[in-house]
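One-letter residues, chain by chain:
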Amino acid sequence: MNNFIEIFEQYNWDEVKARIYSKTNEDVERALNASKRTVEDFMALVSPAAAAYLEPMAQLSQQITQKRFGKVVQMYIPLYLSNECNNICTYCGFSLDNKVKRRTLTPMEIMQEAAAIKEMGYDHVLLVTGEANQTVHVDYFKKALELLKPHFSHISMEVQPMDEEDYRELIPYGLNTVLVYQETYHKDDYRKHHPKGKKSNFNYRIETPDRLGRAGIHKMGLGVLIGLEDWRTDSFFTALHLNYLEKTYWKSKYSLSFPRLRPFSGGLEPKVEMSDRELVQLICAYRIFDEEVEISLSTRESEKFRNNVIKLGITSISAGSKTNPGGYVVEPESLEQFEISDDRSPEQIAEVIKQQGYEAVWKDWDRVLY
C-alpha cells in the first residue's frame, strides 16, 4: 500500500460498527489471552461485551505499561500561538464563524509565554494554532521553533496539516513531534462538521501522517474527537491507522490521545456520550493492543478521572494548561479553544503522580530514559 487511504477505503463504517457490536465474551477472552493482538482483537476489546472484563483489562494494561515505560509519566504543556482560523468547524471555539477577537503572538510574546512555561518546570512544549495560512504559515513556524529550540528539549506541534516538504523544512529548526487528529473517520459526518476551509478536505487530512512519515518526523500523534460519532468505531479506525503507520514508517514513534468534546464559545452537544468507565475501557484497549504506543491525557478530563487512570496506561499528561494565545501571561482573557476541566497546577499534578508511586518526568523520553 502506498498510503493509508487505500486501506481505509477497503472498510465500510456500518459493517465495522456491526462487527464490533456483535463481539462475544469468547472474543474478548481470546483477545486478552493472545500473545500478539490484531485489529480484530481490538474490536473485541472496545466492544460492549468487553465492559464485563474491565478489571482484568485494567490489570493487564497496567502490567504492560510498567514493563515498557516503567513507573514514569511525562509532563507536557500546550503553548497556543494563534486563534486565527480559516475553517468552520462545528465543535471549536476558534471556528471562523465564531465572531471573537483574534490574535497571533509576536516573537516577543512567544518568549514571554515560554518564560512562564519554563518557570513551571516544563521542558516539553506543544505548539498549537488555528489553521490560518496567511498568518501562521511555515515561515512563522520556523521563527517560533528557532526562538524556542534553545529552551526546550522537545517541541511538538498541533497546527494545520502541511505538505511533506514543509515538514522536512521544519525538522532542522527543532520540530520533534506532530499531532494531527482526524476528528472522525466517518466521511459523511466529517463533511458535516467541516463545511468550509481547507480542513474540509477529508483525504488531505487523513493522508497527513503518511506525509509526516515520508518526511522522517521523530514522532506523530493520532486521535479522534470523541462525541462526534460512535466512539468504538472511530477508535477502531484509529487503531487501524496506527497499525499501518507503525509497519510502514517503523523509524517513527507514535502517541494516541482521546479528547472528549468539551464546552466552548458557541457550543456543540456531543452526538454520542462516552462515560468515564467507557473511556477507561478504551485506554486499556489501546494499551493491550499496542505495547509501544505512548498514551496522552489532557486537562479536558476531570481531576478525579485523571487521578484514577494514571496507573492504567497513561504515559504523558498535561497540567496548568491554557487553551488561548497569550493565556499564561500575555493576554489571559483571550478566547479559549475549549474549557479545561482539571485546573490544578503542574506541581499539584506531579505530587499526585508521586503519591501513586510514579515519577513525573519533565524532559523528553529519549533524553531521560535512553
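An account of the accompanying structure is given in this report. Note that the coordinates shown come from a computational prediction; the quantities given were computed from them, not determined experimentally. Residue numbers restart at each chain and count upward from 1, following the sequence in its written direction. In keeping with the model being predicted, local features are shown solely for residues with a pLDDT of at least 70 and side-chain atom pairs are shown and tallied solely at 80 or more, while totals for entire chains, interfaces and linings include all residues. Each side-chain value is derived from all of the structure's non-hydrogen atoms; neither hydrogens nor water enter the calculation.

What follows concerns the pairing of strand β3 (residues 154–158). Within β3, four of the five residues are buried, leaving the element largely enclosed by the surrounding structure. In this description, strands pair whenever DSSP reports at least two bridges between them. Only DSSP runs of H or I covering at least 4 residues are called helices, and only runs of E covering at least 2 are called strands; the numbering of each starts at the N terminus. Pairing between strand β2 (residues 124–128) and β3: five bridges, direction parallel. Each residue of the ladder has a partner; that of L126, found in β3, is S156. Regarding the hand of the β-α-β motif, the stretch spanning β2, helix α7 (residues 138–148) and β3 is right-handed. A clockwise path from the first strand over the helix to the second, with the strands pointing away from the viewer, defines a right-handed crossover. The handedness of the β3 to strand β4 (residues 177–179) crossover, carried by helix α8 (residues 164–170), is right-handed. Exposure is judged per residue with a 1.4 Å probe applied to protein chains only, and the accessible area is read against the type maximum: over 50% gives exposed, under 20% gives buried, and values in between give partly exposed.

Within the element layout of this structure, T184 appears in the loop between β4 and α9 (187–193). What makes T184 buried here is its relative accessible area of 0%. In the analysis that follows, any N or O atom pair within 3.5 Å is treated as a polar contact, provided that within protein one partner can donate a hydrogen and the other can accept it, and provided that, for residues neighboring in sequence, both atoms belong to side chains. Within the structure, T184 has its side chain in polar contact with the side chain of D234 (distance 2.9 Å). In this structure, T184 is in contact with W13, D189, Y190, F202, V224, L228, E229 and D234, ignoring residues within four places of it in sequence. The contact definition used throughout considers only heavy atoms, calling two residues in contact when any of these lie within 4.5 Å.

Whenever a helix is involved, its axis is fitted only over the stretch in contact; in every case the axis is a line through C-alpha atoms, and angles between N-to-C directions fall within 0 to 180 degrees. Across the interface, helix α2 (residues 13–21) lies against helix α12 (residues 231–248) with an axial gap of 9 Å and an inter-helix angle of 105 degrees. The angle between α2 and α12 falls in the class roughly perpendicular. For the pair α2 and α12, the contacting residues are W13, V16, K17, I20 and Y21 in the first and R232, T233, D234, F236 and F237 in the second. Just so you know how the angles are binned, under 35 degrees is roughly parallel, over 145 roughly antiparallel, 65 to 115 roughly perpendicular, and the rest oblique.

Here the distance between the centres and the angle between the planes together describe a pair of aromatic rings. Within 6.5 Å between ring centres, the rings of Phe, Tyr and Trp (the latter by its six-membered ring) count as paired, and their orientation is classed by plane angle as stacked under 30 degrees, edge-to-face over 60, tilted in between. For the structure shown, the criterion picks out 17 aromatic pairs. Ring geometry for Y140 versus F141: centroids 6.2 Å apart, planes at 70 degrees, classification edge-to-face. Residue classification places F141 among the buried residues on the basis of a relative accessible area of 1%. Through a chain of ring-to-ring contacts, three or more aromatic side chains come together here, namely F4, F8, Y11, W13, Y185, Y190, F202, F236, F237, Y244 and Y249. We call a charge positioned over a ring when the NZ of a Lys or the CZ of an Arg lies within 6 Å of the ring centre and within 35 degrees of the ring normal. Directly above the aromatic system of Y204 lies the positively charged group of R211, at a separation of 3.7 Å from the ring centroid. The ring of F305 carries R260 above its face, with NZ or CZ at 5.4 Å from the centroid.

Definition used for salt bridges: Asp or Glu carboxyl oxygen within 4 Å of a side-chain nitrogen of Lys or Arg. Under the counting rule described, the total for this entry stands at 24 salt bridges. Here R306 and D342 are joined by a salt bridge, their closest N and O atoms 2.9 Å apart. Of the two residues, R306 sits in helix α14 (residues 303–309) while D342 sits in the loop between β8 (316–318) and α15 (346–355), which places them 36 residues apart along the sequence. Each of E131, E183, K199 and R205 takes part in a single network of salt bridges with overlapping partners.

Turning next to the nonpolar core. Here, nonpolar core means buried Ala, Val, Leu, Ile, Met, Phe, Trp, Tyr and Cys residues that are tied together by side-chain atoms lying within 4.5 Å of each other. The biggest cluster of nonpolar side chains holds 106 residues, and the ones touching the most others in it are M57, L127, M157, F258, L282 and I353. Per-element accounting of this core gives the leading share, nine residues, to helix α13 (residues 276–289). Residues in contact with I353, not counting those within four places in the same chain, are V73, M75, I310, I317, Y358, E359 and A360. Ranked by size, the runner-up nonpolar core spans 14 residues in total, among them V128, Y181, L228 and L261.

Assignment of secondary structure puts K23 in the loop between α2 and α3 (25–33). Of the polar contacts made by the side chain of K23, one reaches the side chain of E40; its length is 2.5 Å. Every residue in contact with K23, bar those within four places of it in the chain, is listed here: E40, M43, A44, S47 and A49.

Given a rise of 1.5 Å per residue, 14 residues ought to cover 20 Å, and the 20 Å separating the end C-alpha atoms of helix α6 (residues 107–120) matches this to within 8%. By the burial criterion, the buried members of α6 are E109, I110, E113, A114, A116, I117 and M120. In an axial view of α6, the angular spread of the buried residues amounts to 160 degrees, which keeps them on one side of the axis. Exposed and oriented more than 90 degrees from the buried face of α6 are M108 and E119. Those residues of α6 that are buried lie in contact with β1 (72–80), β2, α7 and α15. Where α6 ends, the next residue or the one after it, G121, has phi of about 110 degrees, a positive value. Helix span, as expected, comes to 1.5 Å for every residue beyond the first. In this description, the arc belongs to the directions extending from the helix axis to the C-beta atoms.

Our focus in this paragraph is the environment of F289. One can find F289 in helix α13. For F289, a relative accessible area of 10% translates into the label buried. Sequence separation between F289 and Y185 is 104 residues, and the spatial gap between their C-alpha atoms is 19 Å. Not counting chain neighbours up to four residues away, the residues in contact with F289 comprise R37, T38, V39, F42, A239 and N243.

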